[in-house]
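Structural characterization, general
Here are the chains, one letter per residue:
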Amino acid sequence: MSQATSVPVLTIDGPSGSGKGTISAAVAAQLGWHLLDSGALYRAVGYAAGMAGLDLSDVEAVTRCAQTTRIRFRAATDGGETRVIVNGHDATDELRTETAGAAASAIASMPSVREALVALQLGFRKGPGLVADGRDMGTVIFPDAAFKVFLTASAAERAKRRYKQLKEKGLSVTLGGLQREIEARDSRDASRVVAPLRPAEDALLVDTTGIGIDEVVAKVLSVVRP
Ligand code: C5P
């Protein structure tokens, strides 16, 4: 076993609004492990492609963009959220929007774009451990992970959570519109040929509908520390 593959990984996959981001960050902090927000990578590529004026259905151009976009995570000094720096520009605010989510989902269905991001994701596996948040962490990127969780929640609850999150950040959204966008994105993510959204066979399924953050965090932590 190489040094990297002996580093423990906890994968947390699931659809948007299932609580992955919040839960992954809390669990990583409690374990003192690194955190990979893989969705931010797809959002960053979608964003960079948009900034470059590329046609998001142009596989060749978007793949080149995925291969050359520089993406960096910078921990906030004030304990706030991690900043995402794309080609030297702090794009954290732009990346949060549902428009960025839809662009990410569109380019994420391209196998060559996914391939371009593999090495970057594997590089996050460093001691003492890694919490990897995404759609295909347990199935494709870290199939050998010792710990795997798949979070779900009803579509209505997921839309409500995203609505609250975006409103708190001052974005103008409607609940109905958001629910439709989320459902469209999830159905595209689940039906794509490459790395579709689905639980790994050995993942623990956790339905977070109506459950508070602390309870979900405790349940996920119990997978690592029974
Ligand atoms: O998790 P987040 O909402 O930031 O992800 C944005 C989009 O990126 C998803 O809808 C999905 O299409 C794509 N994605 C992916 N594989 C991952 C993470 C995200 O295809 N591991």
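Here, the structure is the one placed above.
Conventions we followed
Residues numbered from 1 in each chain as written. Predicted model: local features only at pLDDT ≥ 70, side-chain atom pairs only at ≥ 80, totals over all residues. Heavy atoms only, no water. Phe/Tyr/Trp six-rings, centres within 6.5 Å; stacked < 30°, edge-to-face > 60°. Helix = DSSP H or I, 4+ residues; strand = E, 2+ residues; numbered from the N terminus. Buried < 20%, exposed > 50% of the residue type's maximum accessible area, 1.4 Å probe, protein only. Axes fitted to C-alpha atoms, helices over the stretch in contact; angles between N-to-C directions. Parallel < 35°, antiparallel > 145°, perpendicular 65-115°, else oblique. Left-handed = near helix turned anticlockwise from the far one by under 90°. Contact = heavy atoms within 4.5 Å. Pairing = 2+ DSSP bridges.

Topic: the packing of aromatic side chains
- As enumerated under the stated definition, the model contains 2 aromatic pairs in all.
- Taking 6.5 Å as the distance between ring centres and 35° as the angle between the ring planes, the aromatic pair formed by W33 and F147 counts as tilted. Of this pair, W33 sits in the loop between α1 (20-31) and β2 (34-37) while F147 is found in strand β7 (residues 147-152), placing the two residues 114 residues apart along the sequence.
- With a relative accessible area of 18%, F147 lands in the buried category.
- Ring plane angle 80° and centroid distance 5.8 Å describe the contact between F73 and F124, whose orientation is recorded as edge-to-face. Highlighted residues: F73 in strand β3 (residues 71-74) and F124 in the loop between α7 (118-122) and β6 (130-134), separated in sequence by 51 residues.
- The class of F73 is partly exposed, set by a relative accessible area of 27%.

What about the packing of helix α9 (residues 155-168) against helix α10 (residues 175-191)?
- For the pair α9 and α10, interaxial distance at closest approach is 9 Å and the crossing angle is 120°. When the interaxial angle is binned, α9 and α10 end up oblique. Handedness of the crossing formed by α9 with α10: right-handed. Every residue of α10 that contacts α9 at A155, A156, R158, A159, K160, R162, Y163 and L166 is listed here: L175, L178, Q179, I182, E183, R185 and D186.

What to know about the sheet that holds β7
- Spatially, 5 strands are ordered β2-β6-β1-β7-β8 in an open sheet, and the strand pairing comes out parallel. At either end of the open sheet lies a strand with only one pairing partner, and these are β2 and β8 (204-207). Averaged over all pairs of adjacent strands, the angle between their axes in this sheet comes to 20°, without regard to strand direction.
- By the bridge criterion, 4 bridges tie β7 to β8 in an arrangement that is parallel. Within the sheet, the bridge partner assigned to V149 lies in β8 and is L204.
- In the packing of helix α2 (residues 38-51) onto the sheet, contacts are made with β2 and β6, and the angle to β2 comes to roughly 40°.
- Sitting on the sheet, helix α11 (residues 213-224) touches β1 (9-13), β7 and β8, and the angle it makes with β7 is about 155°.

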